[in-house]
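Letter by letter, the chains look like this.
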Amino acid sequence: MYSLPLYEAKYSETEEWREISEVELMEGLYRVFEKVTPAIQEMMAGKEINTPQAVYRLKIKGGDQASTPTP
């Protein structure tokens, strides 16, 4: 079974990460980037995307990625 990626945002007025929908993510990215695909690819690689309104990232689901054994 496949699961959709989950995203989080930290808005400038708060210091807490908040889970957001893919629609909210796209709206935020389209305001800043002409093409959003490169920004999403960076998030898939573990990077945070900074915009004037918020910081966006892919939500890590359970566990610590650093402690996950590599094959």
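Residues numbered from 1 in each chain as written. Predicted model: local features only at pLDDT ≥ 70, side-chain atom pairs only at ≥ 80, totals over all residues. Heavy atoms only, no water.

K.L.:
Whenever I open this one, the overall build of the chain confuses me. Can you help?
P.N.:
Regarding its fold elements, the chain presents two helices and four strands. Secondary structure elements of the chain occur, N-terminal to C-terminal, as β-β-α-α-β-β. Out of the 71 residues in the chain, the part that is buried amounts to 24%. The contacts of the chain with a sequence gap of at least 6 include a subset with a gap of at least 24, amounting to 41%. (Helix = DSSP H or I, 4+ residues; strand = E, 2+ residues; numbered from the N terminus. Buried < 20%, exposed > 50% of the residue type's maximum accessible area, 1.4 Å probe, protein only. Contact = heavy atoms within 4.5 Å.)

K.L.:
For this particular structure, what's the right way to read the nonpolar core?
P.N.:
Side chains of nonpolar character tend, in soluble globular proteins, to be buried together. Ile20, Leu25, Leu29, Met43 and Tyr56 are the most contacted members of the largest nonpolar core, which has 13 residues in total. Contributions of two or more residues to this core are made by strand E1 (7-11), helix H1 (22-30), helix H2 (37-44) and strand E4 (54-58). The contacts of Leu29, once residues within four sequence positions are left out, are Val36, Ala39, Ile40, Met43, Ile49 and Tyr56. (Core = buried A, V, L, I, M, F, W, Y, C linked by side-chain atoms within 4.5 Å.)

K.L.:
Teacher, can you tell me more about the packing of aromatic side chains here?
P.N.:
Working definition: an aromatic ring pair is given by the centre-to-centre distance plus the angle between the planes. In total, this model carries zero aromatic pairs according to the counting rule given. The ring of Trp17 has Arg57 sitting right over it, with the charged end atom 3.7 Å from the ring centre. (Phe/Tyr/Trp six-rings, centres within 6.5 Å; stacked < 30°, edge-to-face > 60°. Lys NZ or Arg CZ within 6 Å of the ring centre and 35° of its normal.)

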